[in-house]
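# Per-entry structural report
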Amino acid sequence: MHINLTTFDGLKRPAYILEESRLRRNLQLISGVTKSANVEIILAFKAYALWKTFPIFREYISATTASSLYEARLGKEEFGSATHTFSPAYTEYEIDEIAKCSSHLTFNSLTQMERFADKALKANGTLSLGLRVNPEYSEVGTDIYNPCAPGTRFGICSDKLPAQLPDYIEGFHCHCHCESGSDVFARTLGHIEERFSPWFRQLKWINFGGGHLMTRKDYDVRLLIDTLNDFHRRYPWLKVILEPGSAFGWQTGPLVSQVVDIVENKGIKTAILNVSFTCHMPDCLEMPYKPAVRFAKTLDDNAGEHVYRLGGNSCLSGDFMGYWQFDHDLTIGENVIFEDMLHYTTVKSNMFNGISHPSIMLAKEDGELRMLKEFTFEDYKNRMD
């Protein structure tokens with residue numbers, strides 16, 4: 001099936017559309033940074049886990065990062081390599097299997113390290129262990145996404161670390177960003193070094209986490225490369241790892257939906273769609289942020305012609321956002337296209353209310369539209385099986 005990737009005319013059911021050409025563009029840029037800055041950049045499953053596209057990723061990168069047993073298994077079994085793994089808290093009943101699926105494993109606290117380090121190494125003798133550290137500095141403005149906010153449960157502060165680390169600790173993991181620029185990383189790096197460089201001589205690697213949105217149009221890639229190369233000159237023995245998630249899936253495709261009904265209340269028109277914000281675009285409500293809609297202008301109020309709220313088809317009262325202005329009156333059956341809905345959204349979507357789930361489709365570079373996953377009643381039912 002071939003389709004117009006601008007209008008998606010012919011689609012009658014909702015679908016996430018991953019455009020291969022856009023994905024490869026991102027992967028090529030990331031691969032270029034890897035080579036120019038002599039770092040390892042790995043895919044974070046928390047933002048992107050469409051495993052049927054892993055063969056494309058393997059052309060450009062060789063490793064992934066996991067935050068749970070199931071993500072670690074996905075990396076080992078479907079990506080084909082052991083994962084770099086971090087969890088806020090490992091459990092007695094999962095640590096052995098997680099260790100077997102991992103090449104690197106990072107502890108969030110000294111108590112977790114003391115409890116599980118020996119056990120993890122017995123399960124996997126080649127495992128490289130690390131600690132997550134907290135520089136107590138971050139420029140992330142939204143607290144729900146700020147891993148260094150006061151009172152955070154993430155990472156060990158410098159005043160809690162022993163002067164001499166255990167011999168089996170080989171790395172530090174430090175995550176401070178969320179869709180941030182390279183200027184933010186450069187400033188944050190100063191705080192990381194100020195607090196933790198006294199331990200660097202004891203380490204083999206440092207992982208600067210995710211949130212490096214290097215595929216965004218206004219991102220200063222040159223500054224990122226220069227910052228990383230300067231770091232190498234100061235600490236040439238340290239292997240540097242980055243694990244962005246959004247950067248891989250950024251602007252790689254939309255969520256295409258259709259208008260099911262139009263209702264009006266107190267002068268507000270709502271176009272009810274066959275997708276849901278709470279089910280299929282949860283970050284829009286959590287962040288919150290208002291997504292771009294193709295062929296529509298985002299407004300702050302209900303002023304003007306052809307202005308609509310967009311409403312989801314769940315029974316959650318707050319399953320709506322607004323306002324958008326179109327150049328015509330919307331009609332039942334026409335497409336409403338939400339831009340940039342592959343990263344995080346496909347991972348965090350859920351089946352609340354048992355609402356029909358959007359399909360996941362791949363638009364090949366030759367224009368062919370290929371079905372990756374079509375959800376059915378069995379997918380909903382088997383969640384409780």
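Here the structure is shown first, and the text comes after it.
Residues numbered from 1 in each chain as written. Predicted model: local features only at pLDDT ≥ 70, side-chain atom pairs only at ≥ 80, totals over all residues. Heavy atoms only, no water.

## Description of the overall build of the protein
Across its full length, the protein carries 12 helices and 18 strands. A globule of 385 residues ought to have a C-alpha radius of gyration of about 21 Å, and the protein, at 22 Å, matches this closely. Counting the 385 residues in the protein, one finds 53% classified as buried. The contacts of the protein with a sequence gap of at least 6 include a subset with a gap of at least 24, amounting to 69%. (Helix = DSSP H or I, 4+ residues; strand = E, 2+ residues; numbered from the N terminus. Rg over C-alpha atoms; globule rule 2.2 N^0.38 Å. Buried < 20%, exposed > 50% of the residue type's maximum accessible area, 1.4 Å probe, protein only. Contact = heavy atoms within 4.5 Å.)

## Let's talk about the layout of surface pockets
Taken as a whole, the largest pocket spans an internal volume of roughly 1000 Å³. Lining the largest pocket we find 43 residues, and of these Lys46, Tyr145, Cys178, Tyr344 and Lys348 sit closest to its centre. Counting residues per element, the ones that place at least two in the lining of the largest pocket are β4 (64-66) and α11 (345-348). Looking at the lining of the largest pocket element by element, the count peaks at three residues for α11. Put simply, the second largest pocket is a space of about 550 Å³. As for the second largest pocket, its lining consists of 17 residues, and the residues nearest its centre are Ala49, Leu50, Thr346, Ile360 and Phe375. At the level of secondary structure, the elements contributing two or more residues to the lining of the second largest pocket comprise α11 and β18 (369-373). (1 Å grid on protein atoms, 1.4 Å probe; cavity = no way out; pocket = protein on both sides within 12 Å on 5 of 7 lines; lining within 4 Å. Points joined across faces, edges and corners; volume = space filled by probe spheres on them.)

## Observations concerning a nonpolar patch on the surface
A cluster of nonpolar side chains, namely Leu285, Leu316 and Phe352, defines an oily patch on the protein surface of about 230 Å² accessible area. As for its position among the elements, Leu285 is in helix α10 (residues 282-286). According to the relative accessible area criterion, Leu285 is partly exposed, its value standing at 31%. (Patch = residues over 30% accessible without salt bridge, like charges linked within 9 Å, V, L, I, M, F, W, Y side chains within 5 Å. Areas by Shrake-Rupley, 256 points an atom, 1.4 Å probe, with all protein chains shown as cover. Salt bridge = Lys/Arg side-chain N within 4 Å of Asp/Glu carboxyl O.)

## Thoughts on helix α3 (residues 69-79)
For α3, every residue scored as buried is listed here: Leu69, Glu71, Ala72, Leu74, Gly75 and Phe79. Gly80 occupies a position one or two residues after α3 and carries a positive phi of about 95°.

## What to know about helix α5 (residues 110-123)
Given a rise of 1.5 Å per residue, 14 residues ought to cover 20 Å, and the 20 Å separating the end C-alpha atoms of α5 matches this to within 8%. In α5, a bend of some 45° at Phe116 exceeds every other bend along the element. Here α5 has its buried residues at Gln112, Met113, Phe116, Ala117 and Ala120. (Expected span 1.5 Å × (residues − 1). Bend = angle between axes of the 7 residues up to and from the residue.)

## A few points about unusual backbone geometry
The amide bond that connects Met287 to the next residue, Pro288, takes the cis arrangement and shows omega of -20°. Relative to the helices and strands, Pro288 is located in the loop between α10 and β13 (297-298). Residues Gly322 and Tyr323 are joined by a peptide bond in cis, for which omega reads 15°. By the secondary structure assignment, Tyr323 is in strand β15 (residues 320-325). For Lys266, which is not glycine, the phi torsion reads 55° and is therefore positive. The topology assignment puts Lys266 in the loop between β11 (255-265) and β12 (268-273).

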